[in-house]
Amino acid sequence: MVLVLVEHSDGRASDASLQALTLARTFAGGEPVHALIVGAGGASAAAALGSHGVSVAHVADHEALGVFAPDAWAATLAEVAERLPAGAVFAAGTDRGNEVMARLGARTGLPLAANCIAVAEGPPVTLTRLRWGGSLLEEARLDSPRPLLTVAPHTVATEAATTATVVAVKPFTPALDREDLVVRVAEHIGASGRGISLTEAKVVVSGGRGVGSKEGFAIIEELAGLLSAAVGCSRAVTSAGWRPHTDQVGQTGTKIAPDIYIACGISGATQHLAGCKGAKKILAINSDGEAPIMLSADYAVIGDLKEIVPAISAEIRKHR
Ligand SMILES: Cc1cc2nc3c(=O)[nH]c(=O)nc-3n(C[C@H](O)[C@H](O)[C@H](O)COP(=O)(O)OP(=O)(O)OC[C@H]3O[C@@H](n4cnc5c(N)ncnc54)[C@H](O)[C@@H]3O)c2cc1C
């Protein structure tokens, strides 16, 4: 049996977790798939998992789990995996999923293969995973009594199960120690933008050093608003303090997979492309026709973004 850590918000499983569930179900090959959901709102997210092949959803309820505490999540995951016992444990390869699974590996001494895109049952388990920010695909074998695996977001398409199951929702209170709660989220700083998540946005308008200043992002925000898009940026921008790190796209930022990525004044460094190559289409707006991003762009406008971006916004307004 396979156990999957399912992240959720607003009573809904995250897209990345549903992708992890899809791969875990294939790996399970007909064996039962259980889910672990942690924190408030878990029960409503659990109820919808039957269409993704989950037969039992374990919902961890504990007063200390109101905020994210990676060791507490790892302890909870270890407890459920041991109790079942789980043959393998999956999670989404998000910042949170990778962190919890790394801590689970450290606690249990089991090896973790992070950011997998394909996994076949073993032993040993054979897998393909993303390395070097996605610029290298590694084929590996994982010999472990309980493989720990995370699934790189946006590399596996979510598929509903052919036959939906009725989920048995099992609330429980995990046994947590004080040490499990030493690291925990103390404060949430709301992401900038209009509440559209960068990971799940269909359109992302992103600005790089070419935008020139924090204030220069007003035109990026304006276009994003007209397109119901999320705003992203490059690391040059976050390093300059023009935008928060939550907006950064790339190897050390967020990996996105929108229908269209509009990159304004971004040169297209490998580390940036590692975050946006999941986009179906890329439109580059850059004054340098030789910028590296041109090699990845489906469409390009060569010129000054300070003229082009407002002109696109004006054109959209005209047709509204
Ligand atoms: C370990 C490591 C991890 C990294 N992780 C990330 C990451 O996650 N994300 C990331 O983005 N980077 C990352 N980087 C940094 C990366 O290597 C680049 O330095 C960065 O992406 C450059 O940002 P940029 O494209 O905005 O700036 P630049 O490379 O300076 O490019 C600016 C672009 O703007 C264009 N431009 C200038 N003015 C205008 C104008 N008026 N109109 C139109 N175009 C204009 C220029 O032609 C140029 O192409 C990482 C680096 C390292 C070493």
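Residues numbered from 1 in each chain as written. Predicted model: local features only at pLDDT ≥ 70, side-chain atom pairs only at ≥ 80, totals over all residues. Heavy atoms only, no water.

Peer 1: Let's hear about the sheet that holds strand E11 (residues 168-172): which residues, and what values?
Peer 2: In sheet architecture, strand pairing relies on hydrogen bonds along the backbone and comes in two forms, parallel and antiparallel. Pairing in this open sheet of 9 strands is mixed, and the strands run E9-E8-E7-E10-E6-E1-E4-E5-E11 from one edge to the other. Since the sheet does not close on itself, it has two edges, and those belong to strand E9 (136-142) and E11, each with one partner. Strand-to-strand, the axes of this sheet are offset by a mean angle of 35 degrees, without reference to chain direction. Lying over the sheet, helix H1 (residues 15-28) contacts strand E1 (2-6), strand E4 (33-38), strand E5 (54-60), strand E6 (88-92), strand E7 (112-120), strand E8 (125-131) and strand E10 (148-151), oriented at roughly 155 degrees with respect to E6. Helix H4 (residues 95-108) rests against E1, E6, E7 and E10 of the sheet, and its axis sits at about 170 degrees to E10. (Pairing = 2+ DSSP bridges. Helix = DSSP H or I, 4+ residues; strand = E, 2+ residues; numbered from the N terminus. Axes fitted to C-alpha atoms, helices over the stretch in contact; angles between N-to-C directions. Contact = heavy atoms within 4.5 Å.)

Peer 1: Account for the pairing of E9, naming residues and giving values.
Peer 2: Pairing analysis gives 7 bridges linking E8 to E9, with the strands arranged antiparallel. Paired with Arg 129 across the strands is Glu 138, a residue of E9.

Peer 1: Please give an account of the site of the ligand that cites residues and values.
Peer 2: Around the ligand, a shell composed of 26 residues is seen, among which Arg 209, Ser 234, Thr 252, Ser 267 and Asn 286 lie nearest. With respect to the ligand, the side chain of Thr 252 contributes an N or O atom lying 2.7 Å from a nitrogen atom. Within the backbone of Gly 253, a nitrogen or oxygen atom sits 3.4 Å from an oxygen atom of the ligand. Relative to its unbound accessible surface of 990 Å², the ligand loses 74% to contact with the protein. Only helix H6 (235-239), helix H7 (270-276) and helix H8 (305-318) provide two or more residues apiece to the shell around the ligand. (Near = heavy atom within 4 Å. Polar contact = N/O pair within 3.5 Å; in protein donor to acceptor, adjacent residues only side chain to side chain. Areas by Shrake-Rupley, 256 points an atom, 1.4 Å probe, with all protein chains shown as cover.)

Peer 1: Describe the pattern of salt bridges, listing the residues and the values that go with them.
Peer 2: Scanning the model with the defined rule gives 14 salt bridges in all. The closest approach of N and O atoms between Arg 107 and Asp 180, which form a salt bridge, is 2.7 Å. One end of the pair, Arg 107, is in helix H4; the other, Asp 180, is in the loop between E11 and strand E12 (203-207), and 73 residues separate them in sequence. With relative accessibility at 39%, the residue Arg 107 sits in the partly exposed group. Residue Asp 247 is joined to Arg 243 by a salt bridge in which the shortest nitrogen-to-oxygen separation is 2.9 Å. Here Asp 247 and Arg 243 have matching classes, each one buried. A single salt-bridge network, built from bridges that share partners, covers Arg 12, Asp 15 and Glu 200. (Salt bridge = Lys/Arg side-chain N within 4 Å of Asp/Glu carboxyl O. Buried < 20%, exposed > 50% of the residue type's maximum accessible area, 1.4 Å probe, protein only.)

Peer 1: Tell me about the pairing of E5, and please be specific about residues and values.
Peer 2: The element E5 is extensively covered by neighbouring structure, given that 6 of its 7 residues are classed as buried. In the sheet, E4 pairs with E5 via 6 bridges, with the strands oriented parallel. Looking at E5, one finds that Val 33 is bridged to Val 54. Relative to E11, E5 is paired through 5 bridges, and the arrangement is parallel. Looking across to E11, one finds that Val 56 is bridged to Ala 168.

Peer 1: So what about the sheet that holds strand E13 (residues 230-233)? Which residues, and what values?
Peer 2: Judged by pairing direction, the sheet is parallel, and its 5 strands sit side by side in the order E13-E12-E14-E15-E16 without closing on themselves. Here the strands that pair on one side only, and so sit at the sheet edges, are E13 and strand E16 (299-302). Shown here is a sheet whose adjacent strand axes are inclined to one another by a mean of 20 degrees, direction ignored. Strand direction decides the pairing type here: E12 and E13, joined by 4 bridges, are parallel. By the bridge assignment for E13, Ser 206 is matched with Gly 232. Sitting on the sheet, helix H5 (residues 217-226) is in contact with E12, E13 and strand E14 (260-264), with an inclination near 145 degrees to E13.

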